[in-house]
Amino acid sequence: MNARRQAPRTVPAYLATGGRSATHRNTYDQLTRLSRLGEYVPNGLDSPHLRLLEVLAGGTLTIADAAAFLRLPVFVIRVLVGDLVDLGVVQAVPPADLPDVDLLERVLNGLVKARENDLAR
Amino acid sequence: MDSSRLARTTSPVEPAYLDESSTYLVKIVVAGGLGVGKTTLIRAVSEMRSVHTEEVMTAASVSLDNLEFTPEKTTTTVAMDFGRITLDPGDTILYLFGAPGQGRFKEAWDDVSYGAKGVLVLFDVRRLDASFEALDLVERSGLPYCVAVNRFPTSPDVSPDVLRDHLDLDADTPVVSCNALDFTSSLDALIELVRHALTRIRLDAAS
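Bear in mind the structure is a predicted one, so any value in this text is a computation, not a measurement.

Student: Could you give me a rundown of the pairing of strand 5 (residues 92–98) of chain B, with the residues and numbers involved?
Tutor: Across the 7 residues that make up strand 5 of chain B, a large majority, 7, are buried. Neither face of strand 5 of chain B is exposed, since T92, L94, L96 and G98 of chain B on one face and I93, Y95 and F97 of chain B on the opposite face are all buried.

Student: Explain a negative patch on the surface to me, using residue names and the numbers behind them.
Tutor: On the surface, E139, D165, D168, D170 and D172 of chain B cluster together to form a negatively charged patch. Residue placement: D168 of chain B occurs in the loop between helix 4 (160–167) and strand 8 (175–178).

Student: Pulling in residues and values, what's your account of the pattern of salt bridges?
Tutor: Applying the stated criterion across every chain yields a total of 10 salt bridges over all chains. Close ionic contact of D100 of chain A with K117 of chain B constitutes a salt bridge, the shortest N to O distance being 2.9 Å. With D100 of chain A in helix 5 (residues 100–120) and K117 of chain B in the loop between helix 2 (106–113) and strand 6 (119–123), this pair bridges two chains. Overlapping salt bridges, with partners in common, bring together D124, R126 and R127 of chain B in one network.

Student: Residue-level account of the sheet that holds strand 2 (residues 61–62) of chain A, with values.
Tutor: All names here are of chain A. With respect to topology, 3 strands assemble into an open sheet ordered 2-1-3, the strand pairing being antiparallel. The open sheet has two edge strands, strand 2 and strand 3 (90–93), and neither has a second partner. Inspection of the sheet shows strand 1 (residues 33–36) paired to strand 2 by 2 bridges, in the antiparallel sense. Among the inter-strand pairings, L34 is bridged to a residue of strand 2, identified as L61. The sheet contacts of helix 4 (residues 74–86) involve strand 1 and strand 3, and relative to strand 3 the element is tilted by about 120°.

Student: So what about the side chain of S35 of chain A? Which residues, and what values?
Tutor: Inspection of the secondary structure puts S35 of chain A in strand 1. The residues touching S35 of chain A, leaving out its near neighbours within four places in the chain, are T60, V89, V90 and Q91 of chain A.

Student: Go over the nonpolar core with me, naming the residues and quoting the values.
Tutor: Counting residues in each nonpolar core, the largest one holds 57 residues, and the members touching the most others are L52 and I77 of chain A together with V119 of chain B. The dominant element in this core, judged by the number of residues it contributes, is helix 3 (residues 63–70) of chain A, at 7 residues. Among the nonpolar cores identified, the runner-up in size contains 33 residues, and L103 of chain A together with I42, L187 and I191 of chain B belong to it.

Calculation criteria
Residues numbered from 1 in each chain as written. Chains lettered and ligands numbered in written order. Predicted model: local features only at pLDDT ≥ 70, side-chain atom pairs only at ≥ 80, totals over all residues. Heavy atoms only, no water. Buried < 20%, exposed > 50% of the residue type's maximum accessible area, 1.4 Å probe, protein only. Helix = DSSP H or I, 4+ residues; strand = E, 2+ residues; numbered from the N terminus. Patch = residues over 30% accessible without salt bridge, like charges linked within 9 Å, V, L, I, M, F, W, Y side chains within 5 Å. Areas by Shrake-Rupley, 256 points an atom, 1.4 Å probe, with all protein chains shown as cover. Salt bridge = Lys/Arg side-chain N within 4 Å of Asp/Glu carboxyl O. Lys, Arg positive; Asp, Glu negative; His and termini not counted. Charge placed at Lys NZ, Arg CZ, Asp CG, Glu CD. Pairing = 2+ DSSP bridges. Contact = heavy atoms within 4.5 Å. Axes fitted to C-alpha atoms, helices over the stretch in contact; angles between N-to-C directions. Core = buried A, V, L, I, M, F, W, Y, C linked by side-chain atoms within 4.5 Å.

What follows is the structure, encoded as structure tokens:
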């Protein structure tokens, strides 16, 4: 673990959003997938926005995983994502585009296989 | 115990980037009272280290949090506690989120349960009341759920029917016994939950 993230947060979480606690987009699930759109970095972004953009340069993250890595509450990440989506530099994709019954079938089959593989070992 | 509130946070060393093939992300919630084994179960099943924010308990909260049977537990999970398991053939990832055990965290529950496809409600038979609030929140959410009794070494044997009766559960709500430390046993509980969720969807569709 590097020294930078070990240091205590210098800006309170509620200030990372400029005092906002909700975004006008209230549809961001914790499992919404975030990815960068291009490499453009808009001028005037503050540190939390820049940190999120920076980490997304490495790949796709869910909101929950981004929150865990950046050590910011999920509601903060949601606000940051709303801003970055509005600026056109981040894409937010819902967790899954399938009916529940199909998703649960996939999960069931996967869990049963994981169990069989474990017993076979 | 120090009465000041000390925050202790465990962050992942590397960002948990998703593979391009992971098309379907599914959330299941593990709910239950303080110390019944939510974090243990999530760790037993997850391929990725469970990430969470913990707060050291304050002296003031000891009276609220009954730890008589789990005295070694000194912290309560208040923020995020989750893990993930990539499922064969690799395009589906199951995320397991721990739901905070106490009613004080109702808002956190709303957030964690949003978008979930089902809930595993964990109980410790030695102190069933620890999970009453969690069960109440789950029932009100309308999400499909399965009751799982976590077997601790000193747990008495309680038949599922007695428990069902005691918890006033619907006849079709599954009650399973599991060992949250064990991968296979925890998978079995999740399998039961997913089967139940599927049955409920099919019944709803047929009616």
